[in-house]
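Examining the three-dimensional arrangement
Take a look at the letters that make up each chain.
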Amino acid sequence: QSGLFTYDPGFVSTASSKSAITFIDGDEGVLLYRGYPIEQLATRCDFMEVCYLLLNGELPDSTQKNQFVTTVKNHTMLHEQLVKFFGGFRRDAHPMAVMVGVVGALSAFYHEAMDIADAIHREESAFRLIAKLPTITAMAYKYNIGQPFIYPHNDLGYTENFLYMMFATPAEKYVPNPIIARAMDRILILHADHEQNASTSTVRLAGSSGANPFACISAGIACLWGPAHGGANEACLNMLEEIGDISRINEYINRAKDKNDPFRLMGFGHRVYKNFDPRANLMRETCHEVLNELGLHNDRLFKLALELEKIALEDDYFISKKLYPNVDFYSGIVQRALGIPTSMFTSVFAMARTVGWVAQWNEMISDPEQKIGRPRQLYIGTPRRDMPKS
Ligand code: SDX
């Protein structure tokens, strides 16, 4: 109580207070999308089926899936004027900076998306976002490396099309490696949604004002970029490169424990999980599988990560604070094995999380009782009443 303002701790922003999409039990290390365990979805479904599930609440039958995939394919291209946007950026711009700008600019091309009260328009925006994010992500990469844009090829599946747009060039024939495509598809599933994390809450809060979905997703991308959130996968790989050798692990473990050192173990810890992040376990398994299948089983960074995890999980500091590997700890190593450059790791995360953001946004907007989110603050300033007599 500051005397001037009373803080109502019970106040909850109505933008993020309830949802039927994702359930997390942080103590038990449980993650469910629409009630299904992530372990089953990641090994028995593909990303398009998981997108359908997150948006509609049920897994699709074959007819529903074909219809969904066809509709997504109808929206994979960008308006040519929007393609010109990329040319305004510096070539060395971080891909996330480009994605924030280009995704937000979609608002300038689909005016009907402003009418968020119309469920048909909301569905159209959902399809456009899910379909165009891979195209925008791949174009951000091509622009960064100075190669020509590769337009989507709708003969390919969703994930294969993304790999094609990322790695094909006009000069060479490119056929996505099925091992890489399957691993990438699993990475997208593992990143698809995660309850009210910082970026999803950002999307909901932005959406609660009635802003159009493209602007809201652009806000989510901006929030995800931070190294404490989605930027941790890129930061984690850079950290592993800096550690370089197993002999230096303890030096970095000690730095992470030192309160006077701002260094934190990237890819470790979580606000909700006080047990293993189930996605980290699945990501580690994917790492093993992919590296073995690609003949990279002696990958030095993977060995370093495994040893770092082992040492940290035997350390009293990490045990007492219940710090376990999170989704970002192994995702960078897997993406690197798939040929994704480090600078693109967080962009891939944003591309995957778009379906979760859209599903959460749509759930909120569809709620007739939904109001604008309005968190309050505990005022800790000086309780004044009157100005001094002049
Ligand atoms: C994601 O919310 C989500 O769901 C996010 C996400 C998603 O899918 O959307 O799961 C994706 O963002 C995963 C997190 C990726 N970030 C990182 O890996 C960055 C490194 N991790 C940390 O910065 C940290 O763990 C956070 C930001 C993730 C959580 O920070 P909190 O909320 O402060 O964690 P906490 O309260 O559980 O920390 C408890 C203690 C603190 O010390 P004390 O105040 O008790 O002295 O543990 C310390 C923290 O300082 N701590 C760490 C640490 N993480 C927490 N110490 C060293 N290294 C770490 N990584």
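Residues numbered from 1 in each chain as written. Predicted model: local features only at pLDDT ≥ 70, side-chain atom pairs only at ≥ 80, totals over all residues. Heavy atoms only, no water.

- Under the annotation held in an unreviewed UniProt entry, the protein carries the name Citrate synthase and is attributed to Nitrosomonas mobilis.
- Recorded in UniProt for the protein, the comment headed Pathway (unreviewed entry) runs: "Carbohydrate metabolism; tricarboxylic acid cycle; isocitrate from oxaloacetate: step 1/2." (UniProt positions renumbered as here; feature names shortened; annotations may be inferred.)

1. A closer look at the site of the ligand
- Neighbouring residues of the ligand: 25 residues in total, closest His194, Arg264, Arg271, Lys274 and Arg279.
- At 2.4 Å from an oxygen atom of the ligand is found a side-chain nitrogen or oxygen belonging to Arg271.
- Within the side chain of Lys321, one N or O atom sits 3.1 Å away from an oxygen atom of the ligand.
- Here the residues of the shell around the ligand are counted per class, giving 10 nonpolar, seven polar and eight charged. (Near = heavy atom within 4 Å. Polar contact = N/O pair within 3.5 Å; in protein donor to acceptor, adjacent residues only side chain to side chain. Nonpolar A, V, L, I, M, F, W, Y, C, P; charged D, E, K, R; others polar.)

2. Digging into the packing of helix α16 (residues 327–337) against helix α17 (residues 345–366)
- α17 packs onto α16 with a crossing angle of 105° between their chain directions and a minimal axis gap of 10 Å. In terms of orientation, α16 and α17 fall into the roughly perpendicular class. Residues Asp328, Gly332, Gln335 and Arg336 of α16 touch α17, and the partners they reach there are Phe345, Val348 and Phe349.
- Its residues assigned to classes, the contact of α16 with α17 comprises three nonpolar, two polar and two charged. (Axes fitted to C-alpha atoms, helices over the stretch in contact; angles between N-to-C directions. Helix = DSSP H or I, 4+ residues; strand = E, 2+ residues; numbered from the N terminus. Parallel < 35°, antiparallel > 145°, perpendicular 65-115°, else oblique. Contact = heavy atoms within 4.5 Å.)

3. Let's talk about the packing of aromatic side chains
- Tallying each qualifying case throughout the model produces 15 aromatic pairs.
- Between the aromatic rings of Tyr252 and Phe263, the centroid separation amounts to 5.6 Å while the plane-to-plane angle is 70°, which identifies the pairing as edge-to-face. Within this pair, whereas Tyr252 is found in helix α12 (residues 249–257), its partner Phe263 is found in the loop between α12 and α13 (278–293), the two being separated by 11 residues in sequence. Considered together, Tyr252 and Phe263 belong to a single accessibility category, that of buried residues.
- Between the aromatic rings of Phe268 and Phe318, the centroid separation amounts to 5.7 Å while the plane-to-plane angle is 75°, which identifies the pairing as edge-to-face. Taken together, the residues Phe268 in the loop between α12 and α13 and Phe318 in helix α15 (residues 316–320) connect sequence positions 50 residues apart.
- Three or more aromatic residues joined by ring pairs make a cluster, and in this case those are Phe268, Phe302, Tyr317, Phe318, Phe329 and Tyr330. (Phe/Tyr/Trp six-rings, centres within 6.5 Å; stacked < 30°, edge-to-face > 60°. Buried < 20%, exposed > 50% of the residue type's maximum accessible area, 1.4 Å probe, protein only.)

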